[in-house]
Amino acid sequence: MQMVEIALALALLASFFFSSRDVSVRKSLVKADLYSSLVITLLFAIPISGVIALLTGEIWQLTTLDPIVIQLFATVGILQFVFTRGLYYAGIGILGASRAIAIVKMDSALAVLLAVLFIGEGITLLIAISVIVVMAGVFLVSFSESSGQQKEGTAVTRQKFYRGLMYLILGATGSAVLPLMIRVSLLQSGVPVLGILIASSFALMILAPLSLVGRFRNRLLGLDRNSIKFITYSSIFATSGQIAKFVALGLAPVVFVAPILNANILITFFLAYLFIRRQELVNSKVIVGGLLVVVGITVLALIG
């Protein structure tokens with residue numbers, strides 16, 4: 001297989017893991033809180049990525065990494081796990097997994113634009129059209145729910161809706177920068193799994209001290225068995241998705257990988273329908289928007 005084909009397979013695999021994470025997060029946030037979800041996710045990410053980095057031999061390159069690369073990975077971890085993931089999980093808790101994934105997927109278009117502007121990645125007319133098709137599907141899904149079509153249990157007040165929307169837009173903006181930083185870091189180092197280990201470790205160093213504060217410690221200690229189960233699922237899925245995403249970005253340009261990660265919008269709808277259909281909405285706009293995403297991703301795959 002060529003590197004681009006491997007990157008395609010890994011990006012689609014990452015999409016599946018991220019979709020599974022989103023549905024698990026939606027289930028866990030019914031009773032759990034955002035801080036607990038983030039900390040437990042990092043507690044899983046560090047040993048999993050550490051073991052894989054040891055098995056692949058990447059761990060031995062830690063002492064020889066350029067300090068600038070380490071700083072980039074650390075910044076990725078803080079931006080991804082503390083800022084964008086926190087905002088994304090908060091948005092899921094308010095709007096649900098289906099609506100949240102539809103809105104936040106604007107990040108791929110921003111990522112492509114930033115990659116062309118700042119790191120000199122090339123883009124052809126066909127790639128540009130494919131990205132536009134993908135984003136058209138995303139925005140169609142974003143506006144797929146009117147107040148008269150809401151299912152029981154999905155309705156939110158206008159103020160709460162706009163707060164959730166703001167969280168997701170801010171998260172998408174931060175998320176758009178991440179593929180560029182990851183791509184630049186990997187082009188200089190070639191250690192994707194070690195990168196995740198460094199990123200996760202620095203993120204945990206930022207979040208862990210909060211556990212000394214009474215209310216945050218009580219949230220962690222007060223989790224029930226069901227919440228812990230779904231947070232565990234989401235943590236494993238999130239870490240697996242990040243590994244696949246980092247490796248894909250090490251093999252192919254951002255303008256190729258970022259739009260393909262949009263596949264998780266369809267997978268999320270499918271999993272949400274199977275497991276949390278009472279909390280999620282799938283209608284004709286969702287279906288049409290999803291088909292546009294598929295068409296765009298397919299074209300990108302064929303021209304890659």
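Calculation notes
- Residues numbered from 1 in each chain as written.
- Predicted model: local features only at pLDDT ≥ 70, side-chain atom pairs only at ≥ 80, totals over all residues.
- Heavy atoms only, no water.
- Core = buried A, V, L, I, M, F, W, Y, C linked by side-chain atoms within 4.5 Å.
- Buried < 20%, exposed > 50% of the residue type's maximum accessible area, 1.4 Å probe, protein only.
- Helix = DSSP H or I, 4+ residues; strand = E, 2+ residues; numbered from the N terminus.
- Phe/Tyr/Trp six-rings, centres within 6.5 Å; stacked < 30°, edge-to-face > 60°.
- Patch = residues over 30% accessible without salt bridge, like charges linked within 9 Å, V, L, I, M, F, W, Y side chains within 5 Å.
- Areas by Shrake-Rupley, 256 points an atom, 1.4 Å probe, with all protein chains shown as cover.
- Salt bridge = Lys/Arg side-chain N within 4 Å of Asp/Glu carboxyl O.

### Considerations on the nonpolar core
Consideration 1: Ranked by internal contacts, the top residues of the largest apolar core, which has 44 residues, are Phe-73, Leu-194, Val-254 and Val-257.
Consideration 2: Elements supplying a minimum of two residues to this core: helix H1 (3–28), helix H3 (67–95), helix H5 (107–118), helix H6 (125–142), helix H7 (158–189), helix H8 (192–207), helix H10 (225–251) and helix H11 (254–260).
Consideration 3: Counting 20 residues, the second-largest nonpolar core is a separate cluster that includes Tyr-88, Ile-92, Leu-95 and Leu-168.

### Some words on the packing of aromatic side chains
Consideration 1: Counted under the stated rule, the structure contains two aromatic pairs.
Consideration 2: When the ring of Phe-16 is compared with that of Phe-17, the centres are 5.9 Å apart and the planes differ by 55°; the resulting orientation is tilted.
Consideration 3: For Phe-17, a relative accessible area of 18% gives the class buried.
Consideration 4: Where Phe-230 meets Tyr-233, the ring centres are 5.9 Å apart and the plane angle is 90°; that geometry is what we call edge-to-face. Here Phe-230 and its partner Tyr-233 are both found in helix H10, three residues apart, which amounts to about one turn of the helix.
Consideration 5: What makes Phe-230 buried here is its relative accessible area of 16%.

### With respect to a nonpolar patch on the surface
Consideration 1: A cluster of nonpolar side chains, Ile-78, Phe-202, Met-205 and Ile-206, forms an exposed patch at the surface whose accessible area comes to about 340 Å².
Consideration 2: For the nonpolar patch, the element with the most residues is H8, which contributes three residues.
Consideration 3: In this fold, Ile-78 is placed in helix H3.
Consideration 4: The class of Ile-78 is partly exposed, set by a relative accessible area of 33%.

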